[in-house]
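# A structural walkthrough
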Amino acid sequence: MNLPPQYVKIQEEIEKYARDYGLDFFETIFEMVDYDQMNEIAAYGGFPTRYPHWRFGMEYEGLAKRYAYGLSKIYEMVINNNPCYAYLLEANELVDQKIVMAHVYGHCDFFKNNQWFANTNRKMMDEMANHSTRVRRHIDKHGYDVVEEFIDRCLSLENLIDRHSPFIKRHKEGESSSERTVKLLKTDHGYMDSFINPSDFIKSQEDKIVAEAKQKQKFPERPEQDVLLFLMNYGPLQPWQRDILSIIREEAYYYSPQGMTKIMNEGWASYWHSKIMTQKALKDSEVVDYADHHSGTVAQQPGSLNPYKLGIELFKHIEDRWNKGKFGKEYEECDDYLVKKNWNKDVGLGRKKIFEVRRNYNDVTFIDSFLTEEFCVENKMFVYGFNKRTGQYEINTRVFPEIKKKLLFQLTNWGQPIIHVVEGNYENRGELFLEHLHEGVDLQPNYTAETMKNLYVLWTRPVYLKTVMEGQGKVYRFDGVDLKEQSTDTTPPAQSNSDDV
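Predicted, not measured: the structure shown is a model, and the values here were computed from it. (Residues numbered from 1 in each chain as written. Predicted model: local features only at pLDDT ≥ 70, side-chain atom pairs only at ≥ 80, totals over all residues. Heavy atoms only, no water.)

## Overview of the overall build of the chain
Rules: Runs of H or I in DSSP of at least four residues are treated as helices and runs of E of at least two as strands, each being numbered from the N terminus. Exposure classes here rest on a 1.4 Å probe applied to the protein chains alone. A residue is buried below 20% of its type maximum, exposed above 50%, and partly exposed in between. By the convention used here, residues are in contact when the closest approach between their heavy atoms is within 4.5 Å. Shrake-Rupley sampling with a 1.4 Å probe provides the accessible areas, and residues are treated as covered by the protein chains on show and by no other component.
The helix and strand tally for the chain stands at 20 helices and 10 strands. Taking all 501 residues of the chain together, 45% fall into the buried category. For the chain, the proportion of contacts with a sequence separation of at least 24, taken over those separated by at least 6, is 71%. Surface accessibility of the chain: about 27,000 Å² in total, with carbon and sulfur atoms responsible for 50%.

Rendered as structure tokens:
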């Protein structure tokens, strides 16, 4: 730890306040860095020990330029690890450092206790260093350009994972015993059985049944959403390529819960830095600066969704509802608007409820369960879109169900396309058939083409993708040279993935 004594004292003070409020977190280590170091750490996704790759340099250049031109500034960064590591920008004012520390402890509590982080690697700082060592070893053996190009291809596929798979046990459906049973000839005389049903004949028939069953068996047995795992298990990869792909996949799953809980995580941290600062840590001389900086954090910019703002307001809304008893059968069935508006049973369950929400929900279930029409009205939420006739963005609707539906749609799977492996031996030629779960948004043609090219390199056989484009069912095929559109008549029947949550 390189904190000056003054900041060590502040950290101890803020930590005590956080624990007094009931926050529970791993040991948190703060480090003071300058803006250049902060940008470098941020470019590496919070892990300065990460493997070398050009995209981290590109990200650093972007962060450095935005900082130099005054367009953005990173105030803090905290890593989901045990112990948690947090970085403070040394140029920040004292009141900012106090806000950041309180904010960090909110994040650390969320990392430790939210169930969607339960299966993440709590020693990821060490694991990232291990990944770097493995990648550098492959670079030494196979050459930087070769390894870098393969990493590029893997990174283009890193969103093709099953984000719920760490919480779902996938059961393999095996053949039933009846499917492997040979039909025997019947006889009334037991001593004749070995003659009319010889053991060699029975064995040969059993082997034949098994071979036929394997030939008919679908591969995979059911649609597989974790495309990276399928490629690792069945793709014709060299050992070093399989290792690189496993690293990309492991890191994708590590970051996945952060994408699934962005609104909740930032809202929770903002709620607690607000509570700690206004009720405990703030001095009279710091009030104006705090109000200015906090309002900047939760400000809602036109045409964008601020997760800090939505998260903190929704947590406060939940706390208020449960303090006043605005839940349950009696409240929901009340038809009197004024009665519901002034409803207050003074049950005081708000604090307990928000801790429960913090533990059990992700952004999708958070919004689905607690976003109310009253909340949308109070926070002036609406759906907007681009009007081609006027050439301007305009409000489409203020209807609550449409607002909620639009928001949930944007949050599902981070807004990324959901792709399944449907067939790994399409038409018995070892070709890969994928299907896009179309939910109203078409794939971007240029991304589709490049992704299929990269899949082909890993699979080494033609790749198919079934999707919908402009309302028409399409099947695209890439054979290593050309990307062609084929008739949907050649596609295998669509299957449902009953295991998905």
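## What about the sheet that holds strand 6 (residues 419–426)?
Our working definition: At least two DSSP bridges between two strands are required for those strands to pair. Note on geometry: axes are lines fitted to C-alpha atoms, helical ones only across the stretch in contact, with angles between N-to-C directions running from 0 to 180 degrees.
Pairing in this open sheet of five strands is mixed, and the strands run 6-7-8-9-10 from one edge to the other. With partners counted over all chains shown, the strands left at the sheet margins are strand 6 and strand 10 (483–486), one partner each. Adjacent strand axes in the sheet meet at a mean angle of 25°, parallel and antiparallel pairs treated alike. Across four bridges, strand 9 (residues 472–478) lies against strand 10 in antiparallel orientation. Its bridge partner lying in strand 10, R477 is registered against K484. Packed on one face of the sheet, helix 9 (residues 227–234) meets strand 6 and strand 7 (431–436) and runs near 25° to strand 6. On top of the sheet, helix 20 (residues 445–459) reaches strand 6, strand 7, strand 8 (463–469), strand 9 and strand 10; it is set at about 160° to strand 8, its chief contact.

## Side note on the side chain of K474
Assignment of secondary structure puts K474 in strand 9. Judged by relative accessible area, K474 falls into the buried class, the value being 18%. Not counting chain neighbours up to four residues away, the residues in contact with K474 comprise L465, K466, T467, M469, E485 and T488.

## Comments concerning the pattern of salt bridges
Rules: A carboxyl oxygen of Asp or Glu within 4 Å of a side-chain nitrogen of Lys or Arg is what we treat as a salt bridge.
In the structure shown here, the tally under the stated rule is 24 salt bridges. With a shortest N-O distance of 2.9 Å, E485 and K474 are connected by a salt bridge. With E485 in strand 10 and K474 in strand 9, the pair connects residues that are 11 residues apart, well separated along the chain. E485 gets classed as partly exposed once you look at its relative accessible area, which sits at 48%. Ionic pairing is found between D479 and R477, a salt bridge with its closest N-O pair at 3.8 Å.

## Focus: the sheet that holds strand 2 (residues 76–79)
Hydrogen bonds between backbone atoms are what pair the strands of a sheet, whose relative direction is either parallel or antiparallel. Strands sit in the order 1-3-2 across an open sheet of three strands; the sheet is mixed. Strands with a single pairing partner mark the edges of an open sheet, and in this sheet they are strand 1 (28–33) and strand 2. Going across the sheet, the axis of each strand differs from the next one's by a mean of 20°, ignoring polarity. One ladder, built from six bridges, connects strand 1 with strand 3 (residues 84–89); its direction is parallel. Within strand 3, the residue paired with F30 across the bridge is A86.

## Topic: the pairing of strand 6
By the criterion of burial, strand 6 is predominantly enclosed, with seven of the eight residues buried. By the bridge criterion, five bridges tie strand 6 to strand 7 in an arrangement that is antiparallel. By the bridge assignment for strand 7, Y426 is matched with E431. Where strand 6 hands over to strand 7, the hairpin turn is made up of four residues, of which E427 adopts a positive phi near 55°.

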